[in-house]
Amino acid sequence: MSRTWSDEPIGSGDEDLLDRSRFALRVADVIQEAGSAGPSTVFGLVGPWGGGKTSLINLVEKELPPPWMVVRFTPWAASSVADLLAEFFATIASALPPESRAAKAREALLACAKVAAPAALRLLPVAGEPAADVASAIGGRFGQDKPWSMRFEQACQQLRELGIPVLVVADDIDRLDAAELAALLKAVRLLGRFPGVHYLLAYDQATVIDVLSSSATVGSGTSRALEYLEKIVQYPMPIPPAQRSQLDRMLRTSLTGIVSEAGHEFDNYAADRFSLAYQDLMARTMTTVRSVQRYLAQGRAYLPLIGKGEIDVVDLLVLIHLRLHFPRLYDRLPSWRGDLTGQLDLAALASPETGAPDWPARIRDADVPAELAHPVYTVLRDLFPAMGGIQVTHGRPARGCRVGNPAYFDRYFALGIPQDDVPDSLVRQALLGVVTDEHALSRGEFASIVTGDDEDLALRALLKAGPLSLAMQPPATAQLAAFVATLVPRLSDAATLTGNVRSTAVSWLAALLQQATVDDPARLVATLVDAAGINAIVQATAVMTRDRRGRPPPGLRALLPHVAEHARGAVTENFAAGDAASRSDLIMTMVELIEEAGMSDMLTAEVRAGLNRGAWTLEDVASRFVTVHQLVGGSAGWEIDEFQPQRFSRLLRPELGATATVPADDLAPPEVDDDASGIDKHDVSWPNRRRVARRALERLGWS
């Protein structure tokens, strides 16, 4: 299993993944060589935060042989400068052995502390508290009876006689504020220069320089702060940076295990996509062991929250990186949902920003460094293709379960399946249940979701079912088509800003039929019409893909004559029903399909025969070619558009003459409450549509 990361430094060479043991041995040799000369020496381990300084200190300590004594001084744990100085001398004293021979040296050191702390206060100003108050506190603790020079010389003499080399290690001194850092450095260089006592300071140089630049002791300016630091540290030793190959190997070996343990898969395609994002951006920000381990820890924590197949694992891993290194940008992504997915977003409608989004400006305003702005943009473009102008609609779902698909976007930020979402696992089991008669519970639950009152949830379920079903073998798609047909009559047909449930299901049905292998097309069409009604099957047939010349694919060619036969009967039944006919019948679409199937002459003959025997009038027929549309929002309802002369003329051209084809632009849509014509375009009844048709026929001279 992958090891849980706790940011603990390594303790031995066996844990060294960066091959720094040789460097640690050399640092230990330098300390011993310089320390053998006797005078106090200050060494520095210089490296960035997370660069492994503490781990290197542990390795150096193990390389120092007896009689070296190593003690840790934690200056940043002190609550004040006075406590820092007291802790400083106490740490040196603690390095001495407990035997009686060291007692005098220990007493001499503590005696130095009695006068060193007040002396230090005279050497530097203390920010934040009056120097006299601090001096009083330290003086009360230790008292004063001899001058510093005498106490210091006595301590030096005792330490020379003792002959024990001491290394005082102060790690993370860059955590100190300006006053504390100045106090520490002066203590090390001036107050603690005892023979045989040496210091190893670990710090990030850029941070220390910034802190010293703000200190009144050092003065402003980077160059002056650097000069000051050089006077304190005689042996600055920058640690070797982690090699890119080492960090890459650390990430690769750990991430593969983390993904596998979380139940996800990382195939070659996913590996290639991750590699591109890593090279473009991630490698530029993960430059230390700590940054790599922090990233792996996030992956270890979050990947198990979402089941296999519910998200794209590479997208989630890239978003985890964005959250760690560009938190402000990550926090803004949900508010850009519409622009990122290409889906209509109500929040975007209220945005003052007009036109195409200015992505470079957005990235810049999200505190992304200028040198990383383009790599961030490149990675975002891979996550969200709609940033490049690709529009995603409910009718054409985008790229499976990737974050750029609006049906999956919210999962990545909820780090789970939101309450208004449907797990892909449920949809898969429901689809299998249709084909194998297993998972009946999931099949029933899916049907309840898509036919329920929550239209947004129904849309999500249908949008997920479409791509998942098309991944199944063609023999199964015919069974699925029959199942979808049973759902269609129970689905809401209301138009909303987010889509239409029934239309989405019909589009799914069309995709299934286009891919299906059908042995008995007549029987299948009859089954579908009985289940879904002729209108749904006509609509599904109409939206199937044609080639560039408008020719239907083989699967549709097999179904089309049978659909047209059912449509032909539906058209004449609608005409015969007169004003009692259903207003939802797709008469114009049916006529076009009948024409595509090569059966228009038969329909024309039947319509002509009905006219001759008085079963319907020319105005009855023409009223079926007056289009209407559904309104969305506060004035929800239906509204008349206009009469369609071209479509009408193709049905009855022999009766209308050679001038039957007239551009639709020549017919102005009827006015609302037009007093002259008596037409109310909000009235979509057959009598009112017949009035619209009559006026149009009169204009064309066809009445």
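See the structure shown above.
The structure contained in this document is the topic of the report that follows. (Residues numbered from 1 in each chain as written. Predicted model: local features only at pLDDT ≥ 70, side-chain atom pairs only at ≥ 80, totals over all residues. Heavy atoms only, no water.)

## Comments concerning the overall build of the protein chain
Point 1. When helices and strands are counted, the protein chain shows 32 helices and seven strands.
Point 2. Looking at the protein chain as a whole, 50% of its 703 residues qualify as buried.
Point 3. Accessible surface computed for the protein chain: about 32100 Å², of which carbon and sulfur atoms make up 52%. (Helix = DSSP H or I, 4+ residues; strand = E, 2+ residues; numbered from the N terminus. Buried < 20%, exposed > 50% of the residue type's maximum accessible area, 1.4 Å probe, protein only. Areas by Shrake-Rupley, 256 points an atom, 1.4 Å probe, with all protein chains shown as cover.)

## As for the sheet that holds strand β4 (residues 197–203)
Point 1. On the basis of which strands lie adjacent, the open sheet formed by five strands has the order β2-β3-β4-β1-β5 and parallel pairing. Two strands close off the open sheet at either side, each with one partner strand: β2 (69–73) and β5 (235–238). Strand-to-strand twist of the sheet, defined as the mean angle between neighbouring strand axes without regard to direction, takes the value 20°.
Point 2. Sheet topology places strand β3 (residues 166–170) next to β4; five bridges connect them, and they run parallel. Pairing of V169 across the sheet is with L200, part of β4. (Pairing = 2+ DSSP bridges. Axes fitted to C-alpha atoms, helices over the stretch in contact; angles between N-to-C directions.)

## A short note on the packing of aromatic side chains
Point 1. Under the counting rule described, the total for this entry stands at 16 aromatic pairs.
Point 2. A ring pair is formed by F88 and Y199, whose centres lie 5.9 Å apart and whose planes are at 20°; its orientation type is stacked. Separated by 111 residues along the polypeptide, F88 in helix α3 (residues 81–94) and Y199 in strand β4 bring together distant segments of the chain.
Point 3. With a centroid separation of 6.2 Å and 15° between ring planes, the pair formed by F274 and Y278 is classed as stacked. (Phe/Tyr/Trp six-rings, centres within 6.5 Å; stacked < 30°, edge-to-face > 60°.)

## Concerning a negative patch on the surface
Point 1. Residues D420, D453, D454 and D456 make up a contiguous surface patch of negative charge.
Point 2. Given the relative accessible area of 80%, D453 is considered exposed. (Patch = residues over 30% accessible without salt bridge, like charges linked within 9 Å, V, L, I, M, F, W, Y side chains within 5 Å. Salt bridge = Lys/Arg side-chain N within 4 Å of Asp/Glu carboxyl O. Lys, Arg positive; Asp, Glu negative; His and termini not counted. Charge placed at Lys NZ, Arg CZ, Asp CG, Glu CD.)

## Observations regarding helix α6 (residues 148–162)
Point 1. Taking 1.5 Å of rise per residue, the 15 residues of α6 would be expected to cover 21 Å, and the 21 Å separating its terminal C-alpha atoms lies within 8% of that figure.
Point 2. Immediately beyond the C-terminal end of α6, within one or two residues, lies G163, with a positive phi of roughly 70°. (Expected span 1.5 Å × (residues − 1).)

## Section: the packing of helix α23 (residues 474–487) against helix α24 (residues 501–515)
Point 1. α24 packs onto α23 with a crossing angle of 150° between their chain directions and a minimal axis gap of 8 Å. One element, α23, and the other, α24, form an angle in the roughly antiparallel class. When the axes of α23 and α24 are compared, the crossing they make is left-handed. Of the residues in α24, those in contact with P474, T477, L480, A481 and V484 of α23 are A505, W508, L509, L512, L513 and Q515.
Point 2. When the residues that make up the contact of α23 with α24 are grouped by side-chain class, the tally is nine nonpolar, two polar and no charged. (Parallel < 35°, antiparallel > 145°, perpendicular 65-115°, else oblique. Left-handed = near helix turned anticlockwise from the far one by under 90°. Contact = heavy atoms within 4.5 Å. Nonpolar A, V, L, I, M, F, W, Y, C, P; charged D, E, K, R; others polar.)

Structural measurements only, silent on function.
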